[in-house]
Amino acid sequence: MLVTLPPDCGESDCDEMREQLEVLGLHTRLMRAGRGWTVVCYGDPDLFARVKQFTFPAGAIVTAVPQPYVLCARACAPDRAMIVPGPRPITLGDGGIALAGGPCSVEGLQMLRESAAAVIAAGGTMLRGGAFKPRTSPYAFAGLGAAALEMLGEVRRETGLAIVTEVLDARQIDAMIPHVDVFQVGARNMQNFSLLAELGRIRRPVLLKRGASATIEELLLSAEHILSRGNTDVILCERGVRAHETLTRNTLDIGAVAVLKQETHLPVFVDPSHAAGRADLVAAHALAAVAAGCDGLLVEVHPRPGEALSDGKQSLTPDAFIDLAAQLRSIAAALGRTSAPAAHQPAQRVA
Ligand code: PEP
Ligand code: MN
């Protein structure tokens, strides 16, 4: 429920109303709305019945939020863009298209530097790379762990790229904080509610991937778990769902991008790599995602995909990634949007 107060109501009027709503057991947040304030009220749907007896200040406009998620709902923050406060702050959801690239797993410092150079040459602003890898087989390479975090931190200092890496367990969060700008929650953990609760307590953006069999509503409710704990910055990521197709690894739900853009103010990313599962299909998936309105892309890039320890089949070479970025710029321009600017010089290290 949103209660928009007339402009002559000040913060103290809001505080009074919030107190009364909270006595009922509901939660509230205060949001600027033009010259005035809106009180966002959320919590157990059964408690809202009691609000009916409530007397709101004269001139207040009460709007019900029909969805089971409130803080994620578009109505809750209609014009909100998000800042990733990395070494160079990045704005998401302002009409631009952000580009994140890098290997599935961090395999060493040299390959990470080469991947970062590809991201910069493509005009990207974020470097992805897994330190802790969830693998279907217990015998598969599971990442270099803490050593990989150090490497990500090192390349972050050298390049100014923001670091996106997956957190598998709440116990890893503290060790990750010094090196990581965006905490990725993988598809397999989308409904790991205790992990989501812990990520709700930190002040760092979370990139929440959609589970392979999760509905869009379930994705949004998982984001709501994070937002309701206080973290305001969640990036949603469509990465393909499990359907009957076998020629692609997953099935990219392109319609989900359009639905999410309607339903929520949160930025929407697409991972074309895990959807396609094959490098030769990644560009088509990525271009379609931009045409559908996504705010950013998360793409697997490896300097030598044939040697990759995980997901080599779907990883782009640096050249293919740079070509893709150029194609993305054409689509973005046709839509009146901006995409990763081309880097006109070879990637440079920034101290
Ligand atoms: C990944 O990004 O490497 C990954 C494991 O992704 P997902 O959780 O989407 O499978
Ligand atoms: Mn991967």
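Computed from a predicted model, the values in this text were never measured in an experiment.

### Re the overall build of the protein chain
And step 1. When helices and strands are tallied, the protein chain shows 11 helices and 15 strands.
And step 2. Scaling as 2.2 N^0.38, a compact globule of 351 residues should have a C-alpha radius of gyration of about 20 Å, and the protein chain matches this with 21 Å.
And step 3. Residue pairs at least 24 apart in sequence account for 69% of intrachain contacts in the protein chain once pairs closer than 6 positions are excluded.
And step 4. With an accessible surface of roughly 15100 Å², the protein chain has 53% of that area assigned to carbon and sulfur atoms.
And step 5. Between the averaged position of the 33 positive side-chain charges in the protein chain and that of its 37 negative side-chain charges there is a distance of 3 Å.

### Comments concerning the coordination of the manganese ion (ligand 2)
And step 1. Summarising the metal site, the manganese ion (ligand 2) is bound by the protein donors Cys104 (SG), His274 (NE2), Glu300 (OE) and Asp311 (OD), whose distances to it range over 2.0 to 2.4 Å.
And step 2. Along the chain, the residues that donate to the manganese ion (ligand 2) are spaced as C-x169-H-x25-E-x10-D. Of the two residues, Cys104 is situated in the loop between strand S7 (96-102) and helix H3 (109-121) and His274 in helix H9 (residues 272-276); the sequence distance between them amounts to 170 residues.

### Let's talk about the side chain of Arg337
And step 1. Turning to its location among the elements, Arg337 is positioned in the loop between helix H11 (318-334) and strand S15 (338-339).
And step 2. Looking at Arg337, its side chain comes within polar contact range of the main-chain oxygen of Cys294, at 3.0 Å.
And step 3. When sequence neighbours within four positions are dropped, the list of residues in contact with Arg337 reads Gly95, Gly96, Ile97, Val290, Gly293, Cys294, Asp295 and Ala332.

### Brief notes about the packing of helix H7 (residues 216-227) against helix H8 (residues 254-263)
A pair of packed helices is characterised by two quantities: the angle between their axes and the separation of those axes.
And step 1. Their axes nearest at 11 Å, the elements H7 and H8 cross at an angle of 45 degrees. On the basis of the axis angle, H7 is oblique to H8. Relative to H8, H7 is oriented so that their crossing is right-handed. Of the residues in H8, those touching H7 at Ile216, Leu219 and Leu220 are Ala256, Val259, Leu260 and Glu263.
And step 2. When its residues are assigned to classes, the contact of H7 with H8 shows six nonpolar, no polar and one charged.

### Side note on the environment of Phe193
And step 1. Topologically, Phe193 is positioned in helix H6 (residues 193-200).
And step 2. We classify Phe193 as partly exposed; its relative accessible area is 37%.
And step 3. Sequence separation between Phe193 and Ser222 is 29 residues, and the spatial gap between their C-alpha atoms is 7.6 Å.
And step 4. Here Phe193 is in contact with Ser222 and His225, once residues within four sequence places are set aside.

### Points about the site of ligand 1
And step 1. Every residue near ligand 1 is listed here: Cys104, Arg128, Lys133, Glu166, Gln184, Gly186, Ala187, Arg188, Lys209, Arg239, His274 and Glu300.
And step 2. Between ligand 1 and Glu300 there is a distance of 3.2 Å, counted from an oxygen atom to a side-chain nitrogen or oxygen.
And step 3. For ligand 1, whose accessible area on its own is 300 Å², the fraction buried by protein is 98%.
And step 4. Broken down by class, the residue content of the shell around ligand 1 amounts to two nonpolar, three polar and seven charged.

### Topic: the sheet that holds strand S3 (residues 36-42)
And step 1. If you walk across this open sheet you meet the four strands as S2-S3-S1-S4, and the pairing is antiparallel. In this open sheet, the two edge strands, each paired with only one partner strand, are strand S2 (27-33) and strand S4 (61-63). Each neighbouring strand pair of the sheet contributes to a mean axis angle of 20 degrees, computed without reference to strand direction.
And step 2. Inspection of the sheet shows strand S1 (residues 2-4) paired to S3 by three bridges, in the antiparallel sense.

### Regarding the environment of Gly124
And step 1. In this fold, Gly124 is placed in the loop between H3 and strand S8 (126-128).
And step 2. A relative accessible area of 10% places Gly124 in the buried class.
And step 3. A sequence separation of 24 residues divides Gly124 from Ala100, and the C-alpha atoms of the two residues are 5.8 Å apart.
And step 4. Excluding anything up to four places from it in sequence, Gly124 contacts Leu99, Val119, Leu161 and Ala340.

### Here we look at the domain arrangement of the protein chain
And step 1. For the protein chain, the assigned domains are domain 1 (2-64) and domain 2 (82-334).
And step 2. Between domain 1 and domain 2, the C-alpha centre-to-centre distance is 36 Å.

### Brief notes about the confidence of the model for the protein chain
And step 1. Per-residue confidence for the protein chain averages 94 on the pLDDT scale, and 97% of its residues sit at or above 70.
And step 2. Mean pLDDT values for the elements of the protein chain range from 84 in S15 up to 99 in strand S14 (residues 296-300).
And step 3. Note on residues 344-351: pLDDT under 50 across the span, and 11 contacts to partners over four residues away in sequence or across chains.

### What about the nonpolar core?
And step 1. Counting 78 residues, the largest nonpolar core has Leu199, Leu208, Leu236 and Leu297 as its most contacted members.
And step 2. Two domains share this core, each providing at least three of its residues, namely domain 1 (2-64) and domain 2 (82-334).

### Re helix H4 (residues 146-159)
And step 1. Over its 14 residues, H4 runs 20 Å from end to end, which matches the ideal 20 Å to within 8%, given 1.5 Å per residue.
And step 2. Considered for burial, the residues of H4 that qualify are Ala148, Leu149, Met151, Leu152, Gly153, Val155, Glu158 and Thr159.
And step 3. If you follow the buried residues of H4, they end up packed against H3, S8, strand S9 (162-166) and helix H5 (173-176).
And step 4. Residue Gly160 follows H4 closely and has a positive phi angle near 80 degrees.

Calculation criteria
Residue numbers restart at each chain and count upward from 1, following the sequence in its written direction. Whichever chain is written first becomes A and whichever ligand is written first becomes 1, with later ones labelled in order. In keeping with the predicted nature of the model, local features appear solely for residues at pLDDT of at least 70, side-chain atom pairs appear and are counted solely at 80 or more, and the whole-chain, interface and lining totals rest on all residues. Hydrogen atoms and water are omitted, and side-chain values are computed over all heavy atoms in the structure. For the purposes of this entry, the term helix denotes a DSSP run of H or I that reaches at least four residues, the term strand denotes a run of E that reaches at least two, and both are numbered from the N terminus. With the radius of gyration taken over C-alpha atoms, the globule rule is written as 2.2 Å times the number of residues to the power 0.38. Here, two residues are considered to be in contact whenever any of their heavy atoms come within 4.5 Å of each other. Every accessible area reported is derived by Shrake-Rupley at a probe size of 1.4 Å, with residue values counting cover from the shown protein chains alone. Residues scored as charged are limited to Lys and Arg (positive) and Asp and Glu (negative), so that His and the chain ends carry no count. Every charge is mapped to an atom, namely NZ of Lys, CZ of Arg, CG of Asp or CD of Glu. Metal donors were taken as nitrogen, oxygen and sulfur atoms no farther than 2.8 Å from the ion, or 3.2 Å where the ion is Na, K or Ca. Water is excluded, so coordination may look unfinished. N or O atoms closer than or at 3.5 Å make up a polar contact, with two conditions inside protein: a donor-capable atom paired with an acceptor-capable one, and, for residues adjacent in sequence, both atoms drawn from side chains. In this description, a line fitted to the C-alpha atoms serves as the axis of each element, helices being fitted only across the stretch in contact, and the angle between N-to-C directions of two axes falls anywhere from 0 to 180 degrees. Any angle between 65 and 115 degrees counts as roughly perpendicular, while under 35 counts as roughly parallel, over 145 as roughly antiparallel, and the rest as oblique. The hand of a helix crossing depends on one turn: near helix anticlockwise from the far one by less than a right angle means left-handed, and clockwise means right-handed. Three classes are used, and their members are as follows: Ala, Val, Leu, Ile, Met, Phe, Trp, Tyr, Cys and Pro are nonpolar, Asp, Glu, Lys and Arg are charged, and the others, Gly among them, are polar. Whether a residue is buried, partly exposed or exposed follows from its accessible area with a 1.4 Å probe, protein chains only, as a fraction of its type maximum: under 20%, in between, or over 50%, in that order. Throughout, the term near means that a residue has one or more heavy atoms lying within 4 Å of the molecule or strand in question. When DSSP locates at least two bridges between a pair of strands, those strands are taken to pair. Domain delimitation follows an automatic or database domain assignment. Values of pLDDT, ranging from 0 to 100, describe the predictor's confidence in every residue of the model. To qualify as a nonpolar core, a set must consist of buried Ala, Val, Leu, Ile, Met, Phe, Trp, Tyr and Cys residues joined through side-chain atoms within 4.5 Å. Expected helix span is taken as 1.5 Å per residue step, with the number of steps being one fewer than the number of residues.

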